Amino acid sequence: RIPPSEIRIKMAGASKRVLAAKQKKFNANIHKRGMVDINSSTKDKEKFTVGPVVLAFFIFVVIGSSLLQMIRTLQTGKP
């Protein structure tokens with residue numbers, strides 16, 4: 001069993017090297033805040049989320065089912 005004094009030593013924080021790297025990254029980023037490229041948000045919106053084949057298949061199914069429903073309604077005379 002490990003005594004509590006050794007557990008505290010092992011759980012001590014990050015090393016000075018890691019902290020220095022994090023501080024350097026933070027200090028480099030702090031001056032860039034608020035400087036967002038205006039076109040960066042519009043680039044994602046221009047891309048299609050559905051491919052043309054899937055879109056064509058969806059249109060085919062919707063229009064085809066509506067046509068079949070109209071033909072069935074005209075034949076039976078009931079909605």
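Residues numbered from 1 in each chain as written. Predicted model: local features only at pLDDT ≥ 70, side-chain atom pairs only at ≥ 80, totals over all residues. Heavy atoms only, no water.

A. Focus on the overall build of the protein chain. For the protein chain, the count of helices and strands is four helices and zero strands. Ordered by position in the sequence, the α and β elements of the protein chain form the string α-α-α-α. Residues counted as buried form 0% of the 79 residues belonging to the protein chain. (Helix = DSSP H or I, 4+ residues; strand = E, 2+ residues; numbered from the N terminus. Buried < 20%, exposed > 50% of the residue type's maximum accessible area, 1.4 Å probe, protein only.)

B. Structural detail: a nonpolar patch on the surface. A contiguous nonpolar patch, built from Val-50, Val-54, Leu-55, Phe-58, Ile-59, Val-62, Ile-63, Leu-67 and Met-70 and spanning about 820 Å² of accessible area, is present on the exposed surface. With respect to the helices and strands, the residue Leu-67 is situated in helix 4 (residues 52–76). (Patch = residues over 30% accessible without salt bridge, like charges linked within 9 Å, V, L, I, M, F, W, Y side chains within 5 Å. Areas by Shrake-Rupley, 256 points an atom, 1.4 Å probe, with all protein chains shown as cover. Salt bridge = Lys/Arg side-chain N within 4 Å of Asp/Glu carboxyl O.)

C. Here's a closer look at the confidence of the model for the protein chain. Model confidence for the protein chain is summarised by a mean pLDDT of 77, while 63% of its residues fall at 70 or above. Ranking the elements of the protein chain by mean pLDDT puts helix 1 (residues 4–10) last, at 56, and helix 4 first, at 93. (pLDDT = per-residue confidence, 0-100.)

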